[in-house]
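Letter by letter, the chains look like this.
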Amino acid sequence: MFNIEVPDDELYKKLDTPFNKDFVKISLKDNPTKFCVMPQSFVDLDLERIKNMEIFEDDVWVVTYPKCGTTWTQEMVWMIGHNLDYKTSLEVLLDDRYPFLELQGIVPSYPKNMFDECVNMSRPRYIKSHLPAFLLPDQLWTEPKIVYTARNPKDTAVSYFHHYHNMNGYQGTIGDFIRTFVNNVMMYAPMNDHVIDFWNIRSQPNILFLFYEDMKRNLKQEVRKVMKFLDKDYTQNEIDKLCRHLSFDSIKSNKMINKEDDIKHLMSIAGREYNPEKFTFIRKGKVGGYKQELTREAIEMLDEYIKKAEFDIEYQF
């Protein structure tokens with residue numbers, strides 16, 4: 001089913017970090033243009049078992065390209081699906097309520113077997129993944145609900161850089177990082193294809209396609225979309241309270257959501273000290289923040305990258 005290619009492009013080597021290295025291109029044998037960049041450890045640990053994973057009709061998946069509002073979407077979907085259970089939300093880590101399917105494959109040193117966590121969790125299972133459509137379980141395209149969140153590539157790339165630098169130990173410049181991003185050698189690349197594949201199936205009844213920018217502009221509207229999708233009904237007062245819970249400041253300060261322990265763990269492995277004044281997992285959350293961080297050259301590279309996608313999505317910048 002798959003071809004596994006070890007690329008010789010020097011750009012790939014620039015992405016090696018203490019946690020992610022030995023990148024490969026995974027492509028479909030019958031369609032080599034459909035590919036995804038992942039570390040060899042993902043192939044060894046997760047590729048086949050995820051493809052063959054048993055799926056249940058009451059599963060609720062959140063799928064995104066990295067740094068597109070995944071955590072925010074997870075908390076919104078989990079809360080709406082669990083009858084606004086604030087008690088559990090404030091006492092149990094989001095990663096335990098909504099585990100990250102392929103985490104062990106990309107961080108083999110992670111102390112939990114996340115695939116087993118997902119397989120064995122009580123139903124209805126709530127599962128997160130960054131994998132592109134063609135690497136997700138074969139059974140996923142039946143009944144389970146899938147919420148996909150997209151974000152404009154310019155803000156995505158900047159957020160991904162800060163994540164990769166601070167959590168993964170990347171030592172290159174932001175300019176080098178953007179170059180790897182637009183050349184589709186970044187982990188989980190290519191972003192364009194990742195978004196297109198879900199955009200093309202957005203009309204299916206078990207798919208809900210959201211935009212990060214819409215969540216920023218009108219969160220209540222997006223909450224109502226998720227409510228309808230999950231067949232839930234809440235009062236206006238309940239929606240108002242949920243939106244306060246999902247506000248940027250609330251999410252950033254919530255230790256059940258902000259991944260502070262994960263950051264400390266990863267930084268300690270890399271021999272670095274965690275400093276929340278310099279980096280937090282939930283960082284700025286702005287639309288258009290790339291304008292303050294990217295050079296004109298980098299912005300032009302991303303503009304050209306977006307043009308190559310040839311789809312009818314009009315991103316908000």
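As shown above, the structure is provided for reference.
What counts and what doesn't
- Residue positions within a chain follow its written sequence, with the count starting from 1.
- Only residues with pLDDT of at least 70 are given local features in this predicted model, and only at 80 or more are side-chain atom pairs given and counted; all residues enter the totals for whole chains, interfaces and linings.
- In computing side-chain values, all of the structure's heavy atoms are included and hydrogens and water are not.
- By definition, any uninterrupted DSSP run of H or I lasting at least four residues is a helix, any uninterrupted run of E lasting at least two residues is a strand, and each is numbered from the N terminus.
- Each radius of gyration reported is based on C-alpha atoms, and the globular scaling rule is 2.2 Å times the count of residues to the power 0.38.
- Working definition: with a 1.4 Å probe on protein chains only, accessible area under 20% of the residue-type maximum means buried, over 50% means exposed, and in between means partly exposed.
- By definition, residues are in contact when any of their heavy atoms lie within 4.5 Å.
- Areas reported here follow the Shrake-Rupley algorithm with a probe of radius 1.4 Å; residue values treat only the protein chains shown as occluding.
- Counting rule applied: Lys, Arg positive; Asp, Glu negative; His and chain ends not counted.
- A single reference atom marks each charge: NZ on Lys, CZ on Arg, CG on Asp, CD on Glu.
- As used in this record, nonpolar core signifies buried Ala, Val, Leu, Ile, Met, Phe, Trp, Tyr and Cys residues forming a set joined through side-chain atoms within 4.5 Å.
- Interaxial angle, 0 to 180 degrees, is taken between N-to-C directions of lines fitted to C-alpha atoms, where a helix line uses only the stretch in contact.
- Under this scheme an angle from 65 to 115 degrees is roughly perpendicular, one under 35 degrees roughly parallel, and one over 145 degrees roughly antiparallel; angles in between are oblique.
- Less than a right angle of anticlockwise turn of the near helix away from the far helix marks a crossing as left-handed, whereas a clockwise turn marks it as right-handed.
- Polar here means any residue other than Ala, Val, Leu, Ile, Met, Phe, Trp, Tyr, Cys and Pro, which are nonpolar, and Asp, Glu, Lys and Arg, which are charged; Gly is therefore polar.
- For two strands to count as paired, DSSP must find a minimum of two bridges between them.

Draft legend 1. Spatial organisation of the overall build of the chain. Helices and strands together make up the secondary structure of the chain, namely 17 helices and seven strands. Compactness check: the chain gives a C-alpha radius of gyration of 19 Å against a globular reference of 20 Å for 317 residues, within 12% of the reference. For the chain, the spread of C-alpha atoms along the three principal axes comes to 55 × 45 × 40 Å. Expressed as a percentage of its 317 residues, the buried residues of the chain come to 58%. The contacts in the chain between residues at least 6 apart in sequence include a share of 73% that link residues at least 24 apart. Put simply, the chain shows about 14,200 Å² of open surface, and 47% of that area lies on carbon and sulfur atoms. Of the side-chain charges in the chain, 42 are positive and 49 negative, and the distance between the mean point of each set is 5 Å.

Draft legend 2. Molecular detail of the nonpolar core. Grouped together as the largest cluster of nonpolar side chains are 77 residues, with contacts concentrated most on W61 and Y65. Counting residues in hydrophobic clusters, the runner-up holds 31 residues, among them V60, V223, F229 and L230.

Draft legend 3. View of the packing of helix α13 (residues 219–229) against helix α14 (residues 236–245). As a packed pair, α13 and α14 sit with axes 10 Å apart at the nearest point and diverge in direction by 115°. Between α13 and α14, the crossing angle belongs to the class labelled roughly perpendicular. Crossing handedness for the pair α13 and α14: right-handed. Of the residues in α14, those touching α13 at L219, K220, V223, R224 and M227 are Q236, I239, D240, L242 and C243. Counted by class, the contact of α13 with α14 contains six nonpolar, one polar and three charged residues.

Draft legend 4. Representation of the sheet that holds strand β6 (residues 145–150) in the model. Pairing in this open sheet of four strands is parallel, and the strands run β5-β4-β6-β7 from one edge to the other. Unpaired on one side and paired on the other, β5 (126–129) and β7 (207–211) mark the two borders of the sheet. Averaged over all pairs of adjacent strands, the angle between strand axes in this sheet comes to 20°, irrespective of strand direction. Alignment of strand β4 (residues 60–64) against β6, held across five bridges, turns out to be parallel. Residue pairing for β6: V60 is matched across the bridge by K145. Running at roughly 135° to β6, helix α11 (residues 191–199) makes contact with β4, β6 and β7 of the sheet. Against the sheet, α13 contacts β6 and β7, and its axis sits at roughly 175° relative to β7.

Draft legend 5. Quick look at the sheet that holds strand β3 (residues 31–39). With antiparallel pairing, three strands are arranged side by side in an open sheet as β1-β2-β3. Edge positions in the sheet fall to β1 (2–5) and β3, since each has one partner strand and no second. On average, adjacent strands in this sheet sit at an angle of 25° to one another, irrespective of strand direction. Note that β1 and strand β2 (residues 23–28) share four bridges and pair antiparallel.

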